[in-house]
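# A look at the structure
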Amino acid sequence: MGPVQNFAEPETTAPLLMVRGVSKRFGNTQALADVTLEFRAGEIHAVLGENGAGKSTLMHILAGIYRPDAGAVLLDGWPAVFNSPRAARRAGIGMVHQHFTLVETLTVAENLALSLPQQSGWRYDAAAAAAEARALAERVGLDLSPTELTVAELPVGARQRIEILKALAHAARVLILDEPTAVLTPQEVRKLFVMLRELRAQRRLIIFITHKLREVREIADRVTIMRRGCVVGTFDPALLSESEMAEHMIGDVVPARPRVTERARGDIVLNVTRLSARDERGLPALLDVSFVVRGSEVFGIAGVDGNGQRELFEVLAGLRPPSGGAVSVRGSPVTDFTPRALLAAGIGHIPPDRQRDGLVLPMTVQENFLLSRTLLDRCSRRGLLSVKAARRFSAAAARAYDVRADLDAPARSLSGGNQQRVVVARALAQRPAVLVAANPSRGLDVAATRAVADALLDSAGRGCAVVLISTDLDEVLDLSDRVAVLSRGRLSTGLDPPIDIEQLGLLMAGVPR
Amino acid sequence: MQALAARFGPSVLALAGALAVSALIVALAGRDPAVAFGALWYGAFGSADSLSEVAVKTCPLLLCGLAIAISFQAGVWNIGVEGQLLMGALAMAALGTHALPLPAGLTLGAYLIAAAAAGAVWAGIAGVLKLRRNVNEVISTIMLNFVALGLIGYLVQGPLMEAGGRYPQTDAILPALWMPRLVLGHRAHAGLPLALLIAGAMHVLLYRGVAGYEMRAAGLNPAAARLAGIGVDGRLLLSLLVSGALAGLAGGIEVSAVTHRLYEHFSPGWGFTAIAVGLLGRLSPAGVVVAAVFFGALDAGSNAMQRAAGVSSVLVSIIQAVVILSLVALERGRWLPGRTATVVRED
């Protein structure tokens, strides 16, 4: 597709960094398709896109972590495809990852010494390292925490500053930040932005990956929006409203499958009232979330990742105690937020990461079919598993959900689609009153995606109240009877079809109505 | 069959490697490996008496190997089997000088249970530290070994020293509490059949029991087990307690059946050899039985080899060490604590 060029100012400077026709494929997924893009010195350039839009892949190519299948990267007009992050750093491209790469038990000076051009000789000279660190901070113009503190003693914002210093240690002219604000408090975000403006004033190029529209408007000089591996266009954020950005991000989504059979909705099964929860850092992640789901209804919760989806799933699965609010199933309130109690209350789940939370990969398929307290109780007597009952149950579940695998093979040997079929079959075979599914088709091929969708609709058809938490908007619109949007921990009111895409985009962008 | 080969293939490879390395060392030392291994074999299986010795050496290795198997399967790295065994031996030695108003058989049974409980308590310390204070059990169980060793050193030279006061050892336990022998005139005792029964019970627990299933799931993927409603912490603690109990029982049986008293350096390192036994047996009870007999035979045959072929019995330690190293290398660290995976994620 031809990118919509919409530059605000005429090009006065030659681009510092150019990406020309870059493509990259992982297995069956085209992560980047013929991407062309340019970045100038002295600008803060935001790259905006949904999960899976390809922005991280592109940045990993710039930073020498991946190599493109086709296309070229030009730095100052010279070809610059790097074989390693180290080579990219030497050429002046530094990247700060979302997950920090600091050694927590070492001091600030020691951490920086690891990245600085090597000191001569064998000995580590603490005084020299501290001086080098201070010199670097001064050169870059950033405050530095006392060099003798260990990283473990520093708050997240200060650690990020050290990461930025590390990235700039080799006189970097290009600084790539991968969702730098995701881990920061609002105060720390303000400090980061001051720092970035300072670096911009030194004519450095700052590439800023985000999916937060507000930040784009606040800090970026230009924004490139990506969708499904392609560049939609590069824009001046001042001339683009947040809802326009959201629309570009999401694209023109048309529900792929119009609802043919309207299911009769039953009584209220799941009632969530003013539910709140905190994340690992103790910051509010869910704020007064309320919704009801009726039997035979699929309630879709859309939104950009990192807006409380994980926390909502974990509360409903019993992995995270809520900090406030109530959940009730068929009128009886949940008092004990543990996985076991929620399973017993009739809430089944499909976790977002099947390999991490859904399966024990070295165990056999049959053993994985039993991985649930309620099923273990059902297939055992006086603490001993009944081999026959377990076999009968697993074989029936495998047949019903088309799991094509030897029951005695380790789950590890199954394809992703078959693994997810096991997880789905196990959840639904328990006939839950409520099913909470988080990104159930992430990473699946078309056939498996369709099988998962059919299974969800089928369970709704049998009276189950389905909560579908997904960052895949197509999936949400395709399957849901009602849709709400989770944004910055708050849930919008439910939208009934036909769903107004523009309104949905505004909600996803966190624009108050 | 294929699954069996996949499971035990590395064990066979490790064994072959260990035997090859030790043969090479024997040859380098200027002896004939064939003669040395022949003597080793004869020393283990050549006569009724040597077979009986194999049984004696196998018993503690089997129980301790099972202790390793159950804790490792649950993902708990109990390196403290040695200390737990010593605490079991201490319980038997301390109690065994006193009679109970019961038939001798029942008294012995009660004292063996007490020995198992002592081992479980010792392991439980590490378990509580892990769950309450997040103390890595590898560190705490290793340290508790030294505490047990020091405690016994103090007791046998102080409060529990024998009445005559000549040697740093406890009084002999009452002869009525000696574990019955299997065949008159041979040292093989009823501990081995008991250990084999326990191995069978462990097999049922691990592969048929709900508790065993939950332990294995918790060990292989705690996150998934937790989401499935399994009480992961409770299962970890249970596996550690059972592990400690098996080790304590091994110590109790050894005092009751073989030494009849406790002294410093009571154990030649059974708790550590047991790690090799457990790994070689691939942490399955049936595999542990085979591995324990193998190591028991090595142990029993090594003295004969030293006498007949002039090859130091230290060779057996080399075989054990190479077995552990090869297994760990073949598994690429799968059985090591804190295994990590590097995953590059898309977006």
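Residues numbered from 1 in each chain as written. Chains lettered and ligands numbered in written order. Predicted model: local features only at pLDDT ≥ 70, side-chain atom pairs only at ≥ 80, totals over all residues.

## A look at the overall build of chain B
Rules: Each helix is a run of H or I in the DSSP string that is no shorter than four residues. Each strand is a run of E no shorter than two, and both are numbered from the N terminus. Values of the radius of gyration come from C-alpha atoms, whereas the globule rule sets the reference at 2.2 Å times the count of residues to the power 0.38. To sort residues by exposure, count the other C-beta atoms lying within 10 Å of each residue's C-beta; 20 or more gives buried, 12 or fewer gives exposed, and values between give partly exposed, all with C-beta atoms placed from the backbone.
Secondary structure assignment for chain B yields 13 helices and zero strands. When the helices and strands of chain B are read in sequence order from the N terminus, they spell out α-α-α-α-α-α-α-α-α-α-α-α-α. A globule of 347 residues ought to have a C-alpha radius of gyration of about 20 Å, and chain B, at 21 Å, matches this closely. Out of the 347 residues belonging to chain B, those deemed buried represent 51%.

## Some thoughts on the packing of helix α2 (residues 33-45) of chain B against helix α3 (residues 48-73) of chain B
Residue and element names in this part refer to chain B. So the rule is basically this: To obtain an axis, a line is fitted to C-alpha atoms, over the contacting stretch when the element is a helix, and the angle between two such axes runs from 0 to 180 degrees between their N-to-C directions. Here roughly perpendicular refers to angles of 65 to 115 degrees, roughly parallel to angles under 35, roughly antiparallel to angles over 145, and oblique to all remaining angles. This entry defines residue contacts through backbone-placed C-beta atoms, with two residues in contact when those atoms are within 7 Å. Three classes are used, and their members are as follows: Ala, Val, Leu, Ile, Met, Phe, Trp, Tyr, Cys and Pro are nonpolar, Asp, Glu, Lys and Arg are charged, and the others, Gly among them, are polar.
Where α2 contacts α3, the two axes come as close as 5 Å, and the packing angle between them is 85 degrees. Taken together, the axis directions place α2 and α3 in an arrangement best described as roughly perpendicular. Mapping the contact onto sequence places G43, A44 and F45 in α2 and S50, L51 and V54 in α3. Of the residues that constitute the contact of α2 with α3, the class distribution is four nonpolar, two polar and no charged.

## Structural notes on the confidence of the model for chain A
Residue and element names in this part refer to chain A. Applied cut-off: Each residue carries a pLDDT score, the predictor's own confidence in it, on a scale running from 0 to 100.
When pLDDT is averaged along chain A, the result is 85, and 92% of the positions lie at 70 or above. The spread of mean pLDDT over the elements of chain A runs between strand β1 (residues 4-6), the lowest at 45, and strand β20 (residues 434-438), the highest at 96. This stretch, residues 1-11, has a pLDDT under 50; its non-local contacts, to residues over four places away or in other chains, come to 14 contacts. Residue range residues 254-258 is modelled with pLDDT below 50. Its contacts to residues more than four positions away, or to other chains, number five contacts.

## With respect to the domain arrangement of chain A
Residue and element names in this part refer to chain A. Stated precisely, the cut-off is as follows: Boundaries of every domain are those given by an automatic assignment or by a domain database.
For chain A, the assigned domains read domain 1 (1-92 + 173-251), domain 2 (99-170) and domain 3 (268-508). Taken over C-alpha atoms, the centre of domain 1 sits 26 Å from the centre of domain 2. The interface of domain 1 with domain 2 comprises 13 residues on the first partner and 10 residues on the second. Looking at the side of domain 1 that touches domain 2, the elements with two or more residues in it are α2 (85-90) and α6 (186-201). Of the residues contributing to the side of domain 1 that touches domain 2, the split by class is six nonpolar, two polar and five charged.

## Some details on the interface of chain A and chain B
At the interface, 28 residues of chain A touch 17 residues of chain B. Those elements giving two or more residues to the side of chain A that touches chain B turn out to be α1 (55-62), α10 (339-344), α11 (354-358), α13 (373-378) and β19 (384-385) of chain A.

## Details of the environment of K130(B)
All names here are of chain B. Residue position: K130 is located in helix α5 (residues 104-133). Judged by C-beta crowding, with 21 C-beta atoms within 10 Å, K130 ranks as buried. Residues K130 and L236 lie 106 residues apart in sequence; the distance between their C-alpha atoms is 9.6 Å.

## Structural notes on the sheet that holds strand β16 (residues 332-333) of chain A
Residue and element names in this part refer to chain A. Selection criterion: Paired strands, as defined in this entry, are two strands with at least two bridges between them according to DSSP.
Taken in spatial order, the four strands line up as β13-β12-β15-β16 in an open sheet, and their pairing is antiparallel. Strand pairing shows two members of the sheet lacking a second neighbour, β13 (284-294) and β16, which therefore form its edges. With seven bridges joining them, strand β12 (residues 268-278) and β13 adopt antiparallel strand pairing. Paired with A277 across the bridge in β13 is L286.

## A short note on the pairing of strand β17 (residues 347-350) of chain A
All names here are of chain A. A two-sided burial pattern is seen for β17, the buried positions comprising I347 and H349 on one face and G348 and I350 on the other. One ladder, built from four bridges, connects β17 with β20; its direction is parallel. Paired with H349 across the bridge in β20 is V436.

## So, the environment of D496(A)
Residue and element names in this part refer to chain A. With respect to the helices and strands, D496 occurs in the loop between β23 (490-491) and α18 (501-508). According to the C-beta neighbour criterion, D496 is exposed, with 8 such atoms within 10 Å. With 442 residues separating them in the primary sequence, D496 and G54 have C-alpha atoms 31 Å apart.

## What to know about the environment of G417(A)
Relative to the helices and strands, G417(A) resides in helix α15 (residues 416-429). Excluding its chain neighbours within four sequence positions, the residues that come into contact with G417(A) are L444(A), D445(A), A447(A) and A448(A).

## Quick word on the nonpolar core
To keep it simple, the criterion reads: The term nonpolar core refers to a set of buried Ala, Val, Leu, Ile, Met, Phe, Trp, Tyr and Cys residues connected through C-beta atoms within 7 Å.
Ranked by size, the top nonpolar core spans 272 residues in total, and within it V434(A), V466(A), L468(A), L63(B) and C64(B) carry the most contacts. Element by element, the count of residues in this core is highest for helix α10 (residues 232-259) of chain B, at 15 residues. Excluding its chain neighbours within four sequence positions, the residues that come into contact with V466(A) are V298(A), F299(A), L435(A), A437(A), L456(A), S459(A) and A460(A).

## What to know about the sheet that holds strand β3 (residues 29-39) of chain A
Residue and element names in this part refer to chain A. Pairing is antiparallel in the open sheet, where four strands are placed in the order β3-β2-β5-β6. Only two strands of the sheet have a single partner each, and these edge strands are β3 and β6 (78-79). As defined by bridge partners, strand β2 (residues 17-26) adjoins strand β5 (residues 70-75) across five bridges and the pair is classed as antiparallel. Residue pairing for β5: V19 is matched across the bridge by V73.

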